[in-house]
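# An overview of the molecular structure
The lines below spell out each chain.
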Amino acid sequence: MSEREHESAPPKWWHPAVVYQIYPLSFKDTKGNGRGDLKGIIDKLDYLNGTDRSLGVDAIWLNPIYPSPKKDHGYDVADYYAIDPELGDMETFDLLIQEANARNIKIIMDYVLNHTSSEHPWFQESRSSKNSPRSDWYIWLDPKPDGSAPNNWVSVFGGPAWTFDETRGQYYMHSFLSDQPDLNWRNPEVVEEMKNVLRFWMDRGVSGFRADAIEHLFKDSEFRDEPVNPHHDPNIGNPYNALIHTYSRNQRSEILRIINEIDEILSDGNQGFMISETWLCAEDLLEYHKASKGKACLPSNLNILGMPWQVDVIKNYIDRYDSILGNDHCPNYVFSNHDVSRIVDRLGKSKAKAVATLQLTLRGIPFIYYGAELGMGGAQIPPEEVQDPWEKQVPGLGINRDSARTPMQWDDGPYAGFSDVEPWLPLCDDYREVNVKKQLEDPDSVLNLYRSLIAIRRSSRALIKGRYQPLESGNENVLSYIREIEDEKLLVTINFSDNEAEVHIDIPGSEIILSTNKNRKLDKLTALDGLVLEGNEGCIFKLQ
Ligand code: GLC
């Protein structure tokens, strides 16, 4: 599709959008119980958009807010059509939609479609008898003749993927905890019900969904044993990687068929959007893009999370992904979320601004994980205070997701302005320095950089819709690229190292419109050949 044709297609609200991810339990407590709630999110909407001091985001993605026994912090849903009473109620949710709309903020819900809670009435009914109306809503198999599990599959969170149920005398399958039985997506009733969930929330004013764990949706119909991974070292590796998940995961054609069906619902005049959780390589991600004929469903690209902060690695990846997708598809690059260590813990505090510059000037939809805009780190969680079920089941693996889920740091008061009482997870030690109140006052803060980058992005068609064009910087530590559309051309250059770096780009003097270096003069013609960037500096130039 040419650029012009692309532009004449009906506008999708998410194309220019910057999305902010909120972990509701950790955003703002208004009930005084140390846990965040929906009213807290409403109270903080002005921070997100609508005033001249806001961050300026267009949408928020809420981690699950459904009733749940919270064995996996809400990813074990007990009712898809209600709000968790600990977080609020439907009236408060409607108010959230209304108040968000008033500030031009769209709401994206987590859509936990692969599994429910074992306490969900559907599962209770299914497990009650082989003859129950919902008998086939989950994945049940008979034991092997010796009574053992039907095959060798393991759960992502450690241990077997099968749990024996005395009442049915059968095993049920769970990709995650035994408290999270997998739904049977080969049952048309399940598919229809889960589509109704989407319709229900869209009717209430929700604009999009984040599809959880979608790679797990279908399993091999013969339930064959998975091959053993010959490269796995049981002494150091994640036990889940002892097998190659050929049969329990990424059964692509069926998943893509469902994506296509969901795409039809979302793009049917509704302007709905879905981003799926997909831990897949670039070529596989392209297939997910292609399955969405109406272009309402995108896969998330989580690959950068596992990469070292090195120009050659990241540049190669971005160049390749961008060229694989071409202009037809809208990419995205995830730099943090609730399942991985925070950016500054992975890469170091000094990298916060460089990452922001990269993320907000790349093509596609940026997702900002709450607190990333402050350069917030994670807290050390002592073993006896661990809440993450994954860490509890596979201790010592280092996947302690709690540390990325600590309370938002609003100010330097007691409990960082998050709550009046001790929060459900400890605060990060640095909250007296790293908090919203302090950073709003400091023109050189990470928060004010995010605000400037988002403002520039909003006003730049090149950043929203323009092509990405790789560029050589003449320095192995500097990543540079051009974003370009008809009459607008921006050049981004980012020093990945802590030391000064000299750039050699053969482009005549250009105007700098943003730099993370507070001493650099803006709006001034600056030569790109011989430009010396300070350590970790990112700059945006406007080219003639
Ligand atoms: C996804 C979620 C993660 C959750 C898991 C099981 O990976 O992001 O937080 O634990 O699914 O639902």
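Residue numbers restart at each chain and count upward from 1, following the sequence in its written direction. Given that the model is predicted, a residue must reach a pLDDT of at least 70 before its local features are reported, and side-chain atom pairs must reach 80 or more before they are shown or counted; all residues, however, enter totals for whole chains, interfaces and linings. Note that the side-chain values use all heavy atoms of the structure and ignore hydrogens as well as water.

Next up on the list: the environment of Glu119. Relative to the helices and strands, Glu119 resides in the loop between β3 (106-111) and α5 (121-128). Through-space distance from the C-alpha of Glu119 to that of Asp179 is 7.7 Å; in sequence the pair is 60 residues apart. Ignoring any residue separated from it by four or fewer positions in sequence, one finds Glu119 in contact with Pro69, Lys71 and Gln124. In this text, helices come from DSSP runs of H or I with a minimum length of four residues, and strands from runs of E with a minimum of two, each type numbered from the N-terminal end. Whether two residues touch is decided by their heavy atoms; if any such pair falls within 4.5 Å, the residues are in contact.

Turning our attention to the nonpolar core. In terms of nonpolar packing, the biggest core is built from 139 residues, with Tyr20, Phe93, Tyr111, Trp185 and Leu358 touching the most fellow members. Discounting chain neighbours no more than four positions away, the residues touching Tyr111 are Tyr66, Trp185, Met194, Lys195, Val197, Leu198, Phe209, Arg210, Ala211, Asp212, Ile262 and Met274. Only buried Ala, Val, Leu, Ile, Met, Phe, Trp, Tyr and Cys residues count toward a nonpolar core, and they belong to the same one when joined by side-chain atoms within 4.5 Å. Each residue is placed in one exposure class: buried if its accessible area under a 1.4 Å probe, protein chains only, is under 20% of its type's maximum, exposed if it is over 50%, and partly exposed if it falls in between. Counting residues in each nonpolar core, the second largest holds 14 residues, with Leu471, Val478, Ile505 and Cys539 among its members.

So, on to the sheet that holds strand β11 (residues 467-471). The strand order β11-β12-β13-β18-β15-β16 describes an open sheet built from six strands, whose pairing is antiparallel. The open sheet has two edge strands, β11 and β16 (525-526), and neither has a second partner. In this analysis, strands are considered paired if DSSP registers two or more bridges between them.

Our next topic: the packing of aromatic side chains. For Phe, Tyr and Trp, where Trp contributes only its six-membered ring, two rings pair if their centres lie within 6.5 Å, and the inter-plane angle classes them as stacked under 30 degrees, edge-to-face over 60, or tilted in between. One pass over the full model with this rule turns up 32 aromatic pairs. With a centroid separation of 4.9 Å and 70° between ring planes, the pair formed by Phe123 and Tyr172 is classed as edge-to-face. Here Phe123 is found in helix α5, whereas its partner Tyr172 is found in strand β6 (residues 170-173), with 49 residues between them in sequence. The residues Phe123 and Tyr172 share a single accessibility class, namely buried. Every member of this aromatic cluster is reached through a ring pair, and the members are Tyr66, Tyr80, Tyr81, Phe93, Trp122, Trp137, Phe200 and Trp201. Note that Arg134 overlies the ring of Trp137, its terminal NZ or CZ placed 4.5 Å from the centroid. Whether a charge sits over a ring depends on NZ of Lys or CZ of Arg being within 6 Å of the ring centre and within 35 degrees of the ring normal. Over the ring of Tyr370 we find Arg342, and its NZ or CZ is 4.7 Å from the ring centre.

Mapped onto the elements, Thr357 comes out in helix α11 (residues 352-361). With relative accessibility at 0%, the residue Thr357 sits in the buried group. Discounting residues that sit within four places of it in the chain, Thr357 has contacts with Leu449, Leu453, Tyr481, Val492, Ile494, Thr516 and Gly538.

Here we come to the side chain of Arg210. Relative to the elements of secondary structure, Arg210 occurs in strand β7 (residues 208-211). Given a relative accessible area of 4%, Arg210 falls into the buried group. Within the structure, the side chain of Arg210 is placed 3.4 Å from the side chain of Tyr75, a separation counted as a polar contact. Polar contacts involving the side chain of Arg210 include one to the side chain of Asp212, which spans 2.9 Å. Arg210 has contacts with Trp61, Tyr75, Ile108, Met109, Asp110, Tyr111, Ile275, Glu277, His338 and Asp339, leaving out every residue within four places of it along the chain. Counting of polar contacts relies on pairs of N or O atoms within 3.5 Å, with two restrictions inside protein: one atom must be capable of donating a hydrogen and the other of accepting it, and residues adjacent in sequence are counted only when both atoms are side-chain atoms.

Looking now at the domain arrangement of the chain. Boundaries of every domain are those given by an automatic assignment or by a domain database. The domains assigned to the chain are domain 1 (3-113 + 188-454), domain 2 (121-173) and domain 3 (467-543). Distance from the C-alpha centre of domain 1 to the C-alpha centre of domain 2: 30 Å. Each partner contributes to the interface: domain 1 provides 23 residues, whereas domain 2 provides 16 residues. Once two parts are joined, some of their accessible surface, as seen by a 1.4 Å probe, is lost; buried area is that loss totalled over both. Both sides of the domain 1 and domain 2 interface together cover about 1,800 Å² of buried area, and 70% of this is carbon and sulfur. Within this document, salt bridges are pairs made up of a side-chain nitrogen of Lys or Arg and a carboxyl oxygen of Asp or Glu, the two lying within 4 Å of each other. For the interface between domain 1 and domain 2, the tally reads zero salt bridges. Taken together, the connections running from domain 1 to domain 2 amount to seven residue pairs in polar contact (both at pLDDT 80 or more). Looking at the side of domain 1 that touches domain 2, the elements with two or more residues in it are α6 (188-203) and α12 (389-393).

This part is about the pairing of strand β13 (residues 488-495). Counting buried positions over the eight residues of β13 gives seven, a clear majority of the element. Pairing of strand β12 (residues 478-485) with β13, which is carried by eight bridges, proceeds in the antiparallel orientation. Paired with Ile485 across the bridge in β13 is Glu488. A loop of two residues connects β12 with β13, the two strands running antiparallel in sequence. Direction of pairing for β13 relative to strand β18 (residues 538-542): antiparallel, over a ladder of five bridges. Each bridged residue has a counterpart across the sheet, and for Leu490 the counterpart in β18 is Lys542.

If you check the shell around the ligand, you find 13 residues, and the closest are Asp72, Asp212, Glu277, His338 and Asp339. Between an oxygen atom of the ligand and a side-chain N or O atom of His338, the distance comes to 2.8 Å. Under the convention used here, a 1.4 Å probe and the Shrake-Rupley method define accessible areas, while residue burial counts only the protein chains that appear. Starting from 310 Å² of accessible surface for the ligand in isolation, the protein chains cover 96%. Gly is placed with the polar residues, together with every amino acid not listed as nonpolar (Ala, Val, Leu, Ile, Met, Phe, Trp, Tyr, Cys and Pro) or charged (Asp, Glu, Lys and Arg). The residue makeup of the shell around the ligand, split by class, is three nonpolar, three polar and seven charged. Think of it this way: one heavy atom of a residue within 4 Å of a molecule or strand is enough to make that residue near it.

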